[in-house]
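Structure at a glance
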Amino acid sequence: MRPLLWAACSQLLPRAAGLCAPKPAVTTMVTASHHSLRPPALLAASSMSAGLLQPLLPGSRAPSCWSSQFNVPPSALLVARPVGICSMMRLPVQASAEGLDVAFVGVPLDTGTSNRPGARFGPRQIRAESAMLRRFNGSTGAAPFDSLRVADIGDVNVNLYNLPDSCRLIRDSYQEIVASGCVPLTLGGDHTITYPILQALAAKHGPVGLVHVDAHTDTGDTALGQRIYHGSSFRRCAEEGLLDCARVVQIGIRGSSYDPDPHKYCREQGFRVVPAEQCWMKSLEPLMREVRAQMGERPMYISFDIDGLDPAYAPGTGTPEIAGLTPAQALEIIRGCKGLNIVGCDLVEVAPMYDVSGNTALLGANLLFEMLCVLPGVKTL
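Residues numbered from 1 in each chain as written. Predicted model: local features only at pLDDT ≥ 70, side-chain atom pairs only at ≥ 80, totals over all residues. Heavy atoms only, no water.

It is worth spelling out the overall build of the protein chain at this point. Looking only at helices and strands, the protein chain features 9 helices and 12 strands. When the 381 residues of the protein chain are sorted by exposure, 56% land in the buried category. Within the protein chain, contacts between residues at least 6 apart in sequence are counted, and of these 77% link residues at least 24 apart. (Helix = DSSP H or I, 4+ residues; strand = E, 2+ residues; numbered from the N terminus. Buried < 20%, exposed > 50% of the residue type's maximum accessible area, 1.4 Å probe, protein only. Contact = heavy atoms within 4.5 Å.)

This is the structure in structure tokens:
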């Protein structure tokens, strides 16, 4: 059993410089009790007792369960939630994005933080809390696992001692992901990571639109003499032409500032800034109708900083600001992106140690699921 678990866990270890060294296309863990739910060809011969985890043969497909030809999260009615490898939604773990429509990928980096560190542990805790998530979106009817092939492809092997080098590693990894035609859904990590991710996406799609949920605009120039940190991501993106600035909307912005006019740079670039005060005690569905019209049919990206939400709901983050958005408003924003040409999403700045309940990571996992549910090609049942 120990060698088996070690082999499975190795699939979630950080990958060397880029995504990973060449490996078999898919490594999946299934339970013997699932044999009635998958094709007989997937039942690898084993002398292990019934109920123990069994590996599929290298290169074989992930199990097709519950009448779906795609990867499906196991039901807790059949497999106990604590059982198995800690992947996003307990999905199969794959060594690369090849053959996938959507990939969950972790970027455990927090050396760009300006206040409390800890977001490097965000991907791991989000994956753990995601065991609560299920196959269908009962509110919207979205059926992503009956529409798209989805898997967890592990973490980018960041360099915790060199932030610019980490950005290079992230950019190179995401270039491989998008080259395969896969849409990345990212588990952060601090907000620095969005900069190299957008470098990779813009290289393929050109300047992208942006729906950015955050307490901060992240358009600072330098801090302590450094141009790359989590508060400068979108200034660097604008400078490099990665953003279609007429299609950038920043929602939930609030907090004290170093400047009497903190949004001047954003306005000069053509960004639309929606302060949190304009969101208080109201539905954001009317706002999102305007956002959809603004985004049009061209490629766009969703970047969601968990500190966009009020710390009463999401205390586990590094730079909390009072009087933020509610989880219901977060759902309105993400669901309001349905129908847009989404080419990638991220959920960043979850720092688990500041929320022992795990609720911040649970909220992050749910928001990532909601992002999956609004991607192009997801059908509604």
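Here the protein chain averages 87 in pLDDT, and 82% of its residues register 70 or above. Counted against residues more than four places away or in other chains, residues 1-66, with its pLDDT under 50, gives 127 contacts. (pLDDT = per-residue confidence, 0-100.)

This next bit is on the packing of helix α3 (residues 163-179) against helix α4 (residues 194-205). One way to put it is that α3 packs onto α4 with a least axis distance of 8 Å and a crossing angle of 35°. Once α3 is placed against α4, the crossing between them reads as right-handed. Residues Cys167, Ile170, Arg171, Tyr174, Gln175 and Val178 of α3 form the contact with α4, whose participating residues are Tyr195, Pro196, Ile197, Gln199, Ala200, Leu201 and Lys204. By residue class, the composition of the contact of α3 with α4 is 9 nonpolar, 2 polar and 2 charged. (Axes fitted to C-alpha atoms, helices over the stretch in contact; angles between N-to-C directions. Left-handed = near helix turned anticlockwise from the far one by under 90°. Nonpolar A, V, L, I, M, F, W, Y, C, P; charged D, E, K, R; others polar.)

The next thing to look at is the pattern of salt bridges. Pairs can form between side chains of opposite charge once their charged atoms are near each other. Within this structure, the stated rule accounts for 15 salt bridges. Here Asp146 and Arg135 are joined by a salt bridge, their closest N and O atoms 2.5 Å apart. One end of the pair, Asp146, is in the loop between α2 (122-129) and β6 (150-155); the other, Arg135, is in the loop between α2 and β6, with 11 residues separating them in the sequence. Just as Asp146 is buried, Arg135 falls in that class too. Put simply, Arg227 and Glu239 hold a salt bridge, and the shortest N to O gap is 3.1 Å. Of this pair, Arg227 sits in the loop between β8 (208-213) and α5 (233-239) while Glu239 sits in helix α5, placing them 12 residues apart in sequence. (Salt bridge = Lys/Arg side-chain N within 4 Å of Asp/Glu carboxyl O.)

On to the packing of aromatic side chains, then. The way to describe two aromatic rings as a pair is by their centre distance and the angle between their planes. Taken as a whole and assessed by the stated rule, the structure comprises 0 aromatic pairs. Stacked on the ring of Tyr354, the Lys or Arg Arg116 has its end atom at 4.1 Å from the ring centre. A cation sits over an aromatic face here: Arg235 above Tyr265, 3.8 Å from the ring centre. (Phe/Tyr/Trp six-rings, centres within 6.5 Å; stacked < 30°, edge-to-face > 60°. Lys NZ or Arg CZ within 6 Å of the ring centre and 35° of its normal.)

Summarising the element assignment, Ser130 is placed in the loop between α2 and β6. At 2.7 Å, the side chain of Ser130 and the backbone oxygen of Arg127 are in polar contact. Excluding its chain neighbours within four sequence positions, the residues that come into contact with Ser130 are Ser87, Met88, Met89 and Ala365. (Polar contact = N/O pair within 3.5 Å; in protein donor to acceptor, adjacent residues only side chain to side chain.)

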